[in-house]
Amino acid sequence: MRTFMVILVLITTAWHSSPAGAQSAAMKPFDLNMDRVKVNTFGGKLGDSRTYFVPSYNLVVSVHGSVWAQKGGAQAHGKFFVEGLTQPLMHALATKLQDDLVTQMRAAGYTVLTYDDLKNEADVVGRGRDKVNEKWGFPIRHATPLTYIIAAPSEEQQFNNPGVGAAWPFRGIAKQKNLMVLSPEITFTVPQMYGQTRAGYSSNSAGIATDPAMMLQGAWIAAVNGKGGTVNIMVQQHGMRLAADSTGIIKQLSEQAYEFSKEWQRTSGDFSMTLDPVAFTDGIMRVGLAINAMIISELAKAHK
């Protein structure tokens, strides 16, 4: 008779004791894979103006997830929740990356306007904002099986972004002031949770594994010019180049096992991940700084 097993696997590491949001002096640069970067043009070019408006800079981070695995009659289900994604930490990181990009662009000779410069313009004042989800403390986005929080440098910059991209709603300002709108967004997944299955001669097994690593899931730098032409830079997932090997401690909160029959068994577990603020900050910043440097390089190419 074939037997069935369900397993839950936990990978964890020690964390650093440092103030929240503190960036490590040992942070290493992130090696962005340019084979995973693509510039797409739709009637616009990044070099259509030497004046730019950077209205915001979004960081999108997974905060909850649910994963299933099944092999034959063996089933496993895992859920995770991330603790430590506070507003002060996330707003500070988004601000740091926005300021770095603006500083680099100005140093390269471009005129750069920010939210503070144009916040009283009608198109900015009238722009919708994302509502904060009471449970998570941020605006959220669902991409099954994950739930993400969305963080901008400030609540006033949490613009409601349509599917056409974050820059498109500002096309009126682009036309009025003959500039380009540039709006970056970077998405991360943390922790990693995945199903594992195995089939043997007389048994099947299914399990859920967790890993405290942080991954660059992707980035979208949206832009629009004064004529309504758009361009974007897409960065694809960097699965083999982690943003951070570990960003905190994962704990299993509960486990429930069900045996419906000898042929059908299920195990379900809940996990929490408590972020190490230093490791998390380093992971976000090293990727963000690399993407900012890539944006500057693409701007330079577009202006040749």
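Parameters and conventions
Residues numbered from 1 in each chain as written. Predicted model: local features only at pLDDT ≥ 70, side-chain atom pairs only at ≥ 80, totals over all residues. Heavy atoms only, no water. 1 Å grid on protein atoms, 1.4 Å probe; cavity = no way out; pocket = protein on both sides within 12 Å on 5 of 7 lines; lining within 4 Å. Points joined across faces, edges and corners; volume = space filled by probe spheres on them. Nonpolar A, V, L, I, M, F, W, Y, C, P; charged D, E, K, R; others polar. Helix = DSSP H or I, 4+ residues; strand = E, 2+ residues; numbered from the N terminus. Contact = heavy atoms within 4.5 Å. Buried < 20%, exposed > 50% of the residue type's maximum accessible area, 1.4 Å probe, protein only. Polar contact = N/O pair within 3.5 Å; in protein donor to acceptor, adjacent residues only side chain to side chain. Phe/Tyr/Trp six-rings, centres within 6.5 Å; stacked < 30°, edge-to-face > 60°. Expected span 1.5 Å × (residues − 1). Salt bridge = Lys/Arg side-chain N within 4 Å of Asp/Glu carboxyl O.

**Student:** What is the right way to read the layout of surface pockets from this model?
**Tutor:** A probe matching the size of a water molecule, rolled over the atoms, marks out where space remains unfilled. Its volume calculated, the largest pocket comes out at about 340 Å³. Looking at the largest pocket, it is lined by 15 residues, and the ones nearest its centre are Lys28, Ala243, Ala244, Asp245 and Arg286. Of the residues in the lining of the largest pocket, the class split is seven nonpolar, four polar and four charged.

**Student:** Can you walk me through the side chain of Asn58 in this structure?
**Tutor:** Structurally, Asn58 is set in strand β4 (residues 58–71). In contact with Asn58, not counting residues within four places along its chain, are Ile150, Ala151, Ala152, Asn161, Pro184, Glu185 and Ile186.

**Student:** Looking at this structure, how should I read the side chain of His77?
**Tutor:** By the element assignment, His77 lies in strand β5 (residues 74–83). Looking at His77, the relative accessible area reads 11%, which means it is buried. Here the side chain of His77 touches Ser66 through a polar contact of 2.6 Å, side chain to side chain.

**Student:** I'm lost on the packing of aromatic side chains in this one. Help?
**Tutor:** Given two aromatic rings, their pairing is described by the distance between the two centres and the angle made by the two planes. Inspection of the entire model under this criterion finds five aromatic pairs. Where Phe53 meets Phe170, the ring centres are 5.6 Å apart and the plane angle is 85°; that geometry is what we call edge-to-face. You can see Phe53 sitting in strand β3 (residues 51–54) and its partner Phe170 sitting in the loop between β8 (146–151) and α4 (171–177), a full 117 residues away along the chain. No difference in accessibility class separates Phe53 from Phe170, as the two residues are buried. Ring centres of Phe81 and Trp136 lie 6.4 Å apart, and the angle between their planes is 25°; on these two criteria the pair is classed as stacked.

**Student:** Would you take a moment to explain helix α5 (residues 277–302) for this structure?
**Tutor:** A turn of α-helix holds 3.6 residues, and therefore any two residues three or four places apart point the same way. With 26 residues, α5 should cover 38 Å at 1.5 Å per step; its first-to-last C-alpha distance of 37 Å lies within 8% of that length. Capping the start of α5 is the job of one residue whose side-chain oxygen sits 3.0 Å from the backbone nitrogen of Val278: Asp276.

**Student:** Looking at this structure, how should I read the pattern of salt bridges?
**Tutor:** Counted under the stated rule, the structure contains five salt bridges. Here Asp270 ties to Lys79 by a salt bridge, and the two come within 3.8 Å at their closest N and O atoms. Within this pair, whereas Asp270 is found in strand β15 (residues 264–275), its partner Lys79 is found in strand β5, the two being separated by 191 residues in sequence. A salt bridge links Arg141 to Glu185; its shortest N-O distance comes to 2.8 Å. Note that Arg141 is positioned in strand β7 (residues 140–143) and Glu185 in strand β9 (residues 180–189), a separation of 44 residues in sequence.

**Student:** Explain helix α1 (residues 87–107) to me, please; I cannot follow it from the model alone.
**Tutor:** For α1, spanning 21 residues, the distance from its first C-alpha to its last is 30 Å, which sits close to the expected 30 Å at 1.5 Å a residue. Within the span of α1, buried status applies to Leu89, Met90, His91, Leu93, Ala94, Leu97, Gln98, Leu101, Val102 and Met105. For α1, the N-terminal capping position is held by Thr86, with its side-chain oxygen 3.3 Å away from the main-chain nitrogen of Leu89. Note on α1: the residue one or two positions beyond its end, Gly109, has a positive phi of about 100°.

**Student:** Help me understand unusual backbone geometry, please; the structure alone is not making it clear to me.
**Tutor:** Excluding glycine, a negative phi dihedral is what most residues carry, and trans is how most peptide bonds are arranged. The linkage connecting Thr144 with the following residue, Pro145, adopts the cis geometry, with an omega of 15°. Of the consecutive residues Val190 and Pro191, the connecting peptide bond is found in the cis state with omega at -10°. Positive phi is not limited to glycine here, since Asn178 has a value of about 50°. Relative to the assigned elements, Asn178 resides in the loop between α4 and β9.

No statement about biological role is implied by the geometric values presented.
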